[in-house]
Every structure is written in structure tokens, then in C-alpha cells.
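Letter by letter, the chains look like this.
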Amino acid sequence: MQKHSLTFWWLAECWVCQVFNKLIRRYKYLEKGFEEEVKKLLLFLKGFSESERNKLAMLTGILLANGNLSASILNSLYNENLVKEGVSAAFAVKLFKSWINEKDINAVAGSLRKVNMDNRLMELFPANKQTVEHFTKYFTDAGLKELAEYVRNQQTIGARKELQKELQEMMSRGEPLKEISMYVKDEMKKNNISEQTVIGILWSSVMSCVEWNKKEELVTEQAIKHLKQYSPLLAAFTTQGQSELTLLLKIQEYCYDNIHFMKSFQKIVVLFYKAEVLSEEPILKWYKDAHLAKGKSVFLEQMKKFVEWLKNAEEESESETEEGD
């Protein structure tokens, strides 16, 4: 009986949406007025029964999918009383299920971004529950895993941007590397950011906190001096081989994209090797098959002699080990 009832309401809602579509297409001036009325309606959700709210949520999701409403109507769900009593979150579950059923998560995300709602969904919960973990569990348990993952990704992207911004400010103020390192580790833990991601952010921050000389013959010397200063910081976040490889790729990309650095690649890698930021294995892997196509021939040629030296040193080390046995 319940299944037939839901089917009936879904058909009824589709019919209502078709009527709205025809009316709004014919009388465009109705669109703005209709949206304002929906916003007001959502502010008084507590006046409806749970069943009525569910039907309204499903209808609203379909209207959003059809483009009859802007995602800005979600502002009404951030009403303090609705949020506090859990009405907003419950309504949002039904709304997003209906919306995603009509479209897909990418279309929904696009609509949210258009009105700057993509980073506000956690406001559906009270302040003490506005965490990625709580949001993810709530919406995943409700069958909206893709929405939960989308919000998690958005929060991670936001955290990365904030981390890079703060790093650049700390470096420009000349704060001690120890303090910078502690801050980065706290942010990694708090926002679940991987070491591979962090080393890329650190590299970008280090390279953007100085004004580089435009002369190719002088920029290498300037870069070596600057990077030597930050080597201990970079070394603290290359504890894994994959992190070292990520850094190598970032260096390659930077040197290719900034033409004055084309001849600096090998000297930067050697500096980082001596400073124990990079080790033999990732460098050899990069050289063999993990490099980017950008500037490949130029950078491989630069690294040829150093790689040969690394291989010989490795062979000598293995030979000494065998003799010792």
C-alpha cells in the first residue's frame, strides 16, 4: 500500500512540475515571484507534518532539477530553529535524493557552485555537529553517499587553499621553520590531508614567497640559496617514497613552466639529495619511467651524469655489503 502511495505522489509531483514548467515558460515574470514564495514556505516547515514535509522536499528537488528554482532557496533551511530541531537536515535528505534522482551529483554540484552554496551544506547541522565526519555519516546512512563524498572533497579543497594561504603568510613574516612545520602537521591531522598533497602545497608556497630574478644565469644561484633555507621543512614532509616522487614531479613542472628555471632542475635535485629531502630510489624511478612529458628530454639529459653516479654508488654499496657477509 505504501509503495503505491509513493508512486502516486511521485506521479502527482511530476504533473505539478509540468504545469509549473508550462506556466513559467509562458509567463517568465512568475519565476522570481515563485522562488520567493518557496523560500518563505521553507521557513515554516515546522508547520507541516513529517509526511507533508517529505512530499514538499521531493517536489522541491524535482523543481530544482528542472531549473524552475535556484539552489539559493536552500538559504531558508539555514534558519536557526529548523537547524536546531533537525528539520533542515531531514528535509535536505529527501530534497537531494529527489534532485540527484532527476539529474546527477555533477549537475547538482554545478547548481550549488553557481550560487555559492557548495561550501555551506554543513550549516544544515548545529555548530557543534558541523564536521565532515558527522555530515558524511548522516548522509551516507541516508543513502546519499555521493553527496557526502562531494562535501568531503569540497572541505578538503577548502582546507588545502587555506593551508597554502597561511603558509605563504607565515613564510613572508619569516616565522621559524619549526613553527611552520607544527602548523602543517596539525592541519594534516585535522583535515586528513596526505603527505603527498602537503609536499606539493609546501613546494608551491616556498616558490611563491620570493620575487625571482629574471636573468637565467642568476636565478639558479638565487633558487639554491632560497631552497637551502627551506630544505629542513621540506625534508620533514618527504618521509615516504611517494612524497619524494611527488616533489620531483612538482620541481619538473615548475622548471618547465618557468622558462628561467629550465637549467636549474638538476642543481635543485642535487641540493635536495644532499639535504636528505630526496633519496636515491625515487630519483632513479623518476629518471627511468615516472617523469612527466614536460621538458622530458632536457631534464633527463641534465640528470644523466648524476643518475649514473647514483647507480655506481649503489652498486659499490651492494658490493661492500656482500664482501662484509
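Look up a bit, the structure's there.
What counts, and where the lines are drawn
Residues numbered from 1 in each chain as written. Predicted model: local features only at pLDDT ≥ 70, side-chain atom pairs only at ≥ 80, totals over all residues. Heavy atoms only, no water. Helix = DSSP H or I, 4+ residues; strand = E, 2+ residues; numbered from the N terminus. Buried < 20%, exposed > 50% of the residue type's maximum accessible area, 1.4 Å probe, protein only. Contact = heavy atoms within 4.5 Å. Areas by Shrake-Rupley, 256 points an atom, 1.4 Å probe, with all protein chains shown as cover. Core = buried A, V, L, I, M, F, W, Y, C linked by side-chain atoms within 4.5 Å. Salt bridge = Lys/Arg side-chain N within 4 Å of Asp/Glu carboxyl O. Polar contact = N/O pair within 3.5 Å; in protein donor to acceptor, adjacent residues only side chain to side chain.

Caption draft 1: Geometry of the overall build of the protein chain. The secondary structure content of the protein chain amounts to 15 helices and zero strands. Across the 325 residues that make up the protein chain, the buried fraction comes to 41%. Within the protein chain, residue pairs in contact and separated by at least 24 positions form 70% of the contacts whose partners lie at least 6 positions apart. Accessible surface, the protein chain: about 18800 Å² in total, of which carbon and sulfur atoms supply 51%.

Caption draft 2: Fine view of the nonpolar core. Counting residues in each nonpolar core, the largest one holds 52 residues, and the members touching the most others are Val184, Leu202, Trp203, Phe272 and Ile283. Secondary structure elements with two or more residues in this core: helix 8 (145-172), helix 9 (177-191), helix 10 (195-208), helix 11 (216-235), helix 12 (241-257), helix 13 (265-274), helix 14 (280-290) and helix 15 (296-324). Contact partners of Val184, with chain neighbours within four places excluded, come to Leu163, Leu167, Val198, Leu202 and Phe237. Counting 44 residues, the second-largest nonpolar core is a separate cluster that includes Leu42, Trp99, Phe135 and Val151.

Caption draft 3: Focus on the pattern of salt bridges. Here the structure, examined in full by the defined rule, presents twelve salt bridges. As a salt-bridge pair, Arg173 and Glu166 come within 3.6 Å of each other at their nearest N and O atoms. Here Arg173 falls in the partly exposed class, since its relative accessible area comes to 48%. Residue Glu166 is classed as partly exposed on the basis of its relative accessible area of 22%. Through salt bridges with shared partners, a single ionic network connects Glu166, Arg173 and Glu175.

Caption draft 4: Seen up close, the side chain of His291. Here His291 is to be found in the loop between helix 14 and helix 15. Among the residues examined, His291 registers a relative accessible area of 18% and is labelled buried. One polar contact links the side chain of His291 to the main-chain carbonyl oxygen of Trp286, over a distance of 2.8 Å. Not counting the four nearest positions on each side in its chain, His291 is found in contact with Leu249, Gln252, Trp286, Lys296 and Leu300.

Caption draft 5: Here's a closer look at the environment of Glu85. Of note, Glu85 is situated in the loop between helix 4 (80-84) and helix 5 (87-102). Separated by 39 residues in the primary sequence, Glu85 and Lys46 have C-alpha atoms spaced 9.3 Å apart.

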